[in-house]
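Coordinate analysis (summary)
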Amino acid sequence: MAGPVTDPRGAAAGTALPTRRGTEAVLLGFAVLITVVAQCIVDLTITGSLRPEMAGFSAWITALWVVAHLVIRKWAAYADPLILPAVALLVGLGLTVIHRLDLAAEQIESNVTREDAPVQLVWATLGVALFVAFLVFVKDHRTLSRYAYTLALAGLALLALPAVLPASLSEVNGAKIWIRLAGFSIQPGEFAKICLVVFFAAYLVDKRDVLALASRRVAGIELPRGRDLGPVLLAWVLSILVLVFERDLGSSLLLFGIFVVMLYVATERSSWLLIGVGLFAGGAFIAYQVFGHVRARVDTWLDPFAYQDGAGYQLVQSLFGLGTGGIFGAGLGGGRPDQVPVAKSDFIAAAVGEELGLFGLVAVIVVYLILVERGLRTSLVVRDAFGKLLAAGLSFAIAWQVFVVLGGVTGLLPLTGLTTPFLAYGGSSLVANFVLVALLVRISDAARRPATPHGSPPPRLGEAPTEVVTP
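This is a predicted model, so every value here is computed, not measured. (Residues numbered from 1 in each chain as written. Predicted model: local features only at pLDDT ≥ 70, side-chain atom pairs only at ≥ 80, totals over all residues. Heavy atoms only, no water.)

A few points about the confidence of the model for the protein
Looking at the protein, pLDDT values average 86 and 87% of them are 70 or higher. The low-confidence segment residues 1–8 (pLDDT under 50) makes 27 contacts with residues lying over four places distant or belonging to another chain. Per-residue pLDDT stays below 50 along residues 454–471; that stretch engages in 34 contacts with residues further than four places along the chain or on separate chains. (pLDDT = per-residue confidence, 0-100. Contact = heavy atoms within 4.5 Å.)

With respect to the nonpolar core
Counting 115 residues, the largest nonpolar core has Trp 65, Val 91, Phe 131, Leu 390 and Val 441 as its most contacted members. Not counting chain neighbours up to four residues away, the residues in contact with Val 441 comprise Ile 72, Ala 76, Ala 79, Ile 83, Phe 131 and Leu 135. Judged by nonpolar contacts, the second largest core, of 6 residues, contains Leu 243, Leu 249, Val 294 and Val 298. (Core = buried A, V, L, I, M, F, W, Y, C linked by side-chain atoms within 4.5 Å. Buried < 20%, exposed > 50% of the residue type's maximum accessible area, 1.4 Å probe, protein only.)

Here we look at empty space enclosed by the protein
For the structure shown, the criterion picks out 4 cavities of 30 Å³ or more. Lining the largest cavity we find Leu 159, Gln 187, Gly 189, Glu 190, Lys 193, Ser 251, Leu 254, Leu 255, Gln 401 and Leu 418. Breaking the lining of the largest cavity down by element, the ones donating at least two residues are helix H7 (189–211) and helix H9 (249–267). Among the residues making up the lining of the largest cavity, the classes are represented as 4 nonpolar, 4 polar and 2 charged. Its volume calculated, the second largest cavity comes out at about 40 Å³. In terms of lining, the second largest cavity is formed by Leu 158, Leu 159, Pro 162, Ile 177, Gln 187, Pro 188, Gly 189, Glu 246, Asp 248 and Ser 251. By residue class, the composition of the lining of the second largest cavity is 5 nonpolar, 3 polar and 2 charged. (1 Å grid on protein atoms, 1.4 Å probe; cavity = no way out; pocket = protein on both sides within 12 Å on 5 of 7 lines; lining within 4 Å. Points joined across faces, edges and corners; volume = space filled by probe spheres on them. Helix = DSSP H or I, 4+ residues; strand = E, 2+ residues; numbered from the N terminus. Nonpolar A, V, L, I, M, F, W, Y, C, P; charged D, E, K, R; others polar.)

Quick look at the packing of H7 against helix H15 (residues 427–448)
Interhelical geometry of H7 versus H15 gives an angle of 25 degrees and a closest axis separation of 8 Å. Relative to H15, the element H7 is oriented roughly parallel. Counted together, Glu 190, Phe 191, Lys 193, Ile 194 and Val 198 of H7 and Ser 428, Ser 429, Val 431, Ala 432, Asn 433, Val 435, Leu 436 and Leu 439 of H15 form the full contact between these two elements. Classifying every residue of the contact of H7 with H15 by side-chain character gives 8 nonpolar, 3 polar and 2 charged. (Axes fitted to C-alpha atoms, helices over the stretch in contact; angles between N-to-C directions. Parallel < 35°, antiparallel > 145°, perpendicular 65-115°, else oblique.)

Quick word on the packing of helix H13 (residues 348–381) against H15
Orientation of H13 relative to H15, taken along the N-to-C sense of each, is 40 degrees, at an axis distance of 9 Å. Considered as vectors, H13 and H15 are oriented oblique to each other. For the crossing formed where H13 meets H15, the hand is left-handed. Side by side, H13 and H15 meet where Gly 375, Thr 378 and Val 381 of the first sit next to Leu 440, Ile 443, Ser 444 and Ala 447 of the second. Residues that form the contact of H13 with H15 fall into these classes: 4 nonpolar, 3 polar and no charged. (Left-handed = near helix turned anticlockwise from the far one by under 90°.)

Set out below in structure tokens:
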């Protein structure tokens, strides 16, 4: 006689698995508390009093996360409980540091009227609105695989659009990665990244058996067939084209790295990683020899103090700021992070390191690690191959971008122009990353949701069937 029906994780079908929404609510409250207290510390340290807008800000930021939590509770009840709180903490800290830099600008120039922190809060609100819309209308992440090639075309179009526009509409600081019209600007590459990751996941699920085939063994490594090199070569060429026509080293490195890692995850062949590293090294060498802006960045990275009055000034000031911060930092409002050019976006990690010290910067990195770890855990648990690859690709995109940005700020890597996800000022990056997180939340809900019990409607396409346990 058959025993109880269990889901793939071993819980009896009649027993409801905990949704952990209470845990999420408590952690969100903690993130909001840290955000509000940090803002109060900044105001008291710099101005000696709390600004009148503090009550409105506190209510606004609280309402944002309450709405997001309630939407997850209703439309993604089994989602991972740590993803949203990690994002809330990063966004709150970013708003605090941007507000602190706004006050520094006001102290230097009393006639400054523009504040970027309220603008960033509006962008965060728009990001949460898209996050909510995605969870409400996209009930199953696998439906995105049906539109993989459409999303690929959309991603390529978004990636290429700044390159074909006049420099007056697309170029900022030498990189043609923007669309600027009537005082409004957007960086389409941030959205192209998500579209292309969805396409990569769908494509690799279809082709992974072919791509996993080996032709010969060299030095203990099974190399793929020559005819199967097409996809990785195409991704390499695409990254080179982005580098040539948009002078955007960051996006080029990000897209190629994501594709190679997703290819490795899909095929489990380390030879693809070696091929990817070889192509990257070759492309980097060619770019250094051919493109002046790449050569300038590399030379500045190798010896920033030799260019401290020019191209190396930003990096030198960043290193001085990190050194000033020491282990525990100068305290919020106690440093001079405004001495670093573009501190609100490209170099916000330097501002964090100066005022919160190495201890605070490592704590921020740990929050990113938690976010990435939960995404990778989702990739391992979710039942369908498309979800596994998509969650892995999105998680690696966050990890890779944070590594590249922090590497540039600390002098470990050449500067790329990428921004720190959720932390740095910038509407395009913030809104796009909220869509990325919505995808991870949707996949994690599918991964943790109990399987359909015996006698109920059959599982959805791609889900593992329920298991019948017999004594």
